[in-house]
Amino acid sequence: MTAAEPVFSVQNLWKVFGPKADRVPAHKEYADLPADELRARTGCTAAVRDVSFDVRKGEVFVVMGLSGSGKSTLVRCLTRLVEPTSGTVVIDGEDVLSMDRTRLRELRRHRASMVFQHFGLLPHRSVLDNVAYGLEIQGMGRSERRARAAEVVEKVGLAGMGERRPGQLSGGQQQRVGLARALAVDPEVLLFDEPFSALDPLIRRDMQEEVIRLHREEGRTMVFITHDLSEALRLGDRIALMRDGRIVQLGTPEEIVGAPADDYVRDFVRDVPREQVMTVRTAMRTRRRRARDRDRRVRLPRRHRLGRHRDRRPHR
Ligand SMILES: Nc1ncnc2c1ncn2[C@@H]1O[C@H](COP(=O)(O)OP(=O)(O)OP(=O)(O)O)[C@@H](O)[C@H]1O
Ligand SMILES: [Mg+2]
């Protein structure tokens, strides 16, 4: 795959909840109705409406919008945790909507793993076993998966806490476990659905740094959902801004802040000083680029490479 080819390619995606939902996308008149009118006329909610975008390899693609704008539904459609009503979803050139159950399971287990808002940890299992869980369902042996889990636990800053139960951890630490669990399977894409919104601001900031660090070190593709503008601006290479199921603007943080597409977006970014976004982002980009260039320069033979490259072999 070349760098120009997207990881996810989404075209004219719709998700409509309600009776006879599949009538709605094709129906010219329904398709343009405001949410409340559509509900009154059909009893349906169009959570995602005619959305198209690509997620490029190695980018952090942020989906931002107010509560109810369709963010979770959209990201769940990517791996069919929610079944799309119409449109296309393609991952690495493969049509997700025509995958059979086995292929779909493989997609969710190996290729695109999700980090949830409420952690979703198993309370009676240790940190290590929570992190190893995804490897266990892949059928990896116990000692191998615990070794891999220990490595990832360390990577997310939880060294020494492997034997604790989730209840013995702070919220921030629990979310690190959630992050480690998603990372352990070495997915091509990480999907985050408002992972930090339950955390207090300082911890949240720490976790954002963690994501930036991981991204810088590994260049892994990420789709990150948030309703928080400052989080979106800090993390996103590009941001899709959603309103009532539609993407109202898709662009870099600079474009979103510097040239809002309409009043809704303008309202969203009103309090952000434009120059600030420019400088923060430029600094961050330069740092990321430098790190990537450095990685490229020291291209070791495959067996000597650290991290995900080496880890990929045993369980694939
Ligand atoms: N299973 C469902 N059945 C019916 N309507 C649903 C269902 N799931 C979501 N919706 C509706 O779809 C719309 C989008 O919901 P979604 O959860 O995607 O929003 P969101 O942007 O993730 O919001 P939040 O920021 O609160 O998580 C909402 O109007 C919601 O009520
Ligand atoms: Mg949501």
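A quick note: this is a predicted structure, and the numbers were derived from the prediction, not measured. (Residues numbered from 1 in each chain as written. Chains lettered and ligands numbered in written order. Predicted model: local features only at pLDDT ≥ 70, side-chain atom pairs only at ≥ 80, totals over all residues.)

Chemist: Honestly, the sheet that holds strand β3 (residues 60-65) in this entry has me stumped. Any pointers?
Modeler: Within a sheet, adjacent strands bond to each other through the backbone by hydrogen bonds, running parallel or antiparallel. Strand order in the open sheet formed by six strands is β6-β7-β8-β3-β9-β10, with mixed pairing between adjacent strands. Bordering the open sheet on either side are β6 (112-115) and β10 (246-251), each of which pairs with just one other strand. Across the sheet, the mean angle from the axis of one strand to that of its neighbour is 20°, orientation sign disregarded. Here β6 pairs with strand β7 (residues 189-193) via four bridges, running parallel. Residue pairing in the sheet places Val115 in a bridge with Phe192 of β7. Against the sheet, helix α8 (residues 171-184) makes contact with β6 and β7, and its axis sits at roughly 175° relative to β6, the strand it touches most. (Pairing = 2+ DSSP bridges. Helix = DSSP H or I, 4+ residues; strand = E, 2+ residues; numbered from the N terminus. Axes fitted to C-alpha atoms, helices over the stretch in contact; angles between N-to-C directions. Contact = placed C-beta atoms within 7 Å.)

Chemist: Just to check I follow, could you spell out the nonpolar core for this structure?
Modeler: Side chains of a nonpolar character, in soluble globular proteins, are inclined to be buried together. In this structure, Val131, Ala180 and Val223 are the most contacted members of the largest nonpolar core, which totals 74 residues. Leave out the neighbours within four places in its chain, and Val223 touches Val55, Phe61, Val63, Val75, Val189, Leu191 and Phe192. (Core = buried A, V, L, I, M, F, W, Y, C linked by C-beta atoms within 7 Å. Buried ≥ 20, exposed ≤ 12 C-beta atoms within 10 Å, placed from the backbone.)

Chemist: How do you make sense of the site of ligand 1 when you look at a structure like this?
Modeler: Taken together, Phe17, Thr45, Ala47, Gly65, Ser67, Gly68, Ser69, Gly70, Lys71, Ser72, Thr73 and His227 make up the full set of residues adjacent to ligand 1. Mapped onto the shell around ligand 1, the elements with two or more residues apiece are β2 (45-56) and α4 (71-78). In terms of residue count, the dominant contributor to the shell around ligand 1 is α4 (three residues). (Near = placed C-beta within 6 Å.)

Chemist: Which parts of the structure should I look at to understand the pairing of strand β4 (residues 86-91)?
Modeler: Looking down a regular strand, the side chains alternate between one sheet face and the other. Direction of pairing for strand β1 (residues 6-17) relative to β4: antiparallel, over a ladder of five bridges. Considered in β4, the bridge of Phe8 is made with Ile91. Relative to strand β5 (residues 94-95), β4 runs antiparallel, the two sharing two bridges. Looking at β5, one finds that Ile91 is bridged to Glu94. Between β4 and the antiparallel strand that follows it, β5, lie two residues; Asp92 among them carries a positive phi value of about 45°.

Chemist: Can you walk me through the packing of helix α6 (residues 127-137) against α8 in this structure?
Modeler: When two helices pack together, their arrangement is captured by the angle between the axes and the distance separating the axes. Running from N to C, α6 and α8 cross one another at 30°; their axes reach a closest spacing of 7 Å. Considered as vectors, α6 and α8 are oriented roughly parallel to each other. Judged by the twist between their axes, the crossing of α6 over α8 is right-handed. Each of Val127, Asn130, Val131, Ala132, Tyr133, Gly134 and Leu135 in α6 lies in contact with α8, whose residues at this interface are Val177, Ala180, Arg181 and Ala184. Looking at the contact of α6 with α8, its residues break down into eight nonpolar, two polar and one charged. (Parallel < 35°, antiparallel > 145°, perpendicular 65-115°, else oblique. Left-handed = near helix turned anticlockwise from the far one by under 90°. Nonpolar A, V, L, I, M, F, W, Y, C, P; charged D, E, K, R; others polar.)

Chemist: Can you help me understand unusual backbone geometry in this one?
Modeler: Peptide bonds are, in most cases, trans, and in most cases residues other than glycine have a negative phi. With a phi close to 45°, Asn12 is a non-glycine residue in the positive phi region. Mapping Asn12 onto the fold places it in strand β1. Even without glycine at this site, Arg80 takes up a positive phi of about 60°. Turning to its location among the elements, Arg80 is positioned in the loop between α4 and β4.

Chemist: Would you explain the confidence of the model for the protein chain in this entry?
Modeler: When pLDDT drops low, the exact placement of atoms in the prediction is not to be read closely. For the protein chain, the mean per-residue pLDDT works out to 87, and 86% of the residues sit at or above 70. Taken element by element, the protein chain is modelled with least confidence in helix α14 (residues 308-312), mean pLDDT 39, and with most confidence in β4, mean pLDDT 98. Note on residues 298-316: pLDDT under 50 across the span, and 13 contacts to partners over four residues away in sequence or across chains. (pLDDT = per-residue confidence, 0-100.)

Chemist: What exactly am I supposed to notice about the sheet that holds β5 here?
Modeler: If you walk across this open sheet you meet the four strands as β2-β1-β4-β5, and the pairing is antiparallel. Of all the strands in the sheet, just β2 and β5 have a single pairing partner and so form its edges. Where β1 lies against β2, eight bridges are found, and the strand directions are antiparallel. From the neighbouring strand, Phe8 faces β2, where its bridge partner is Val55.

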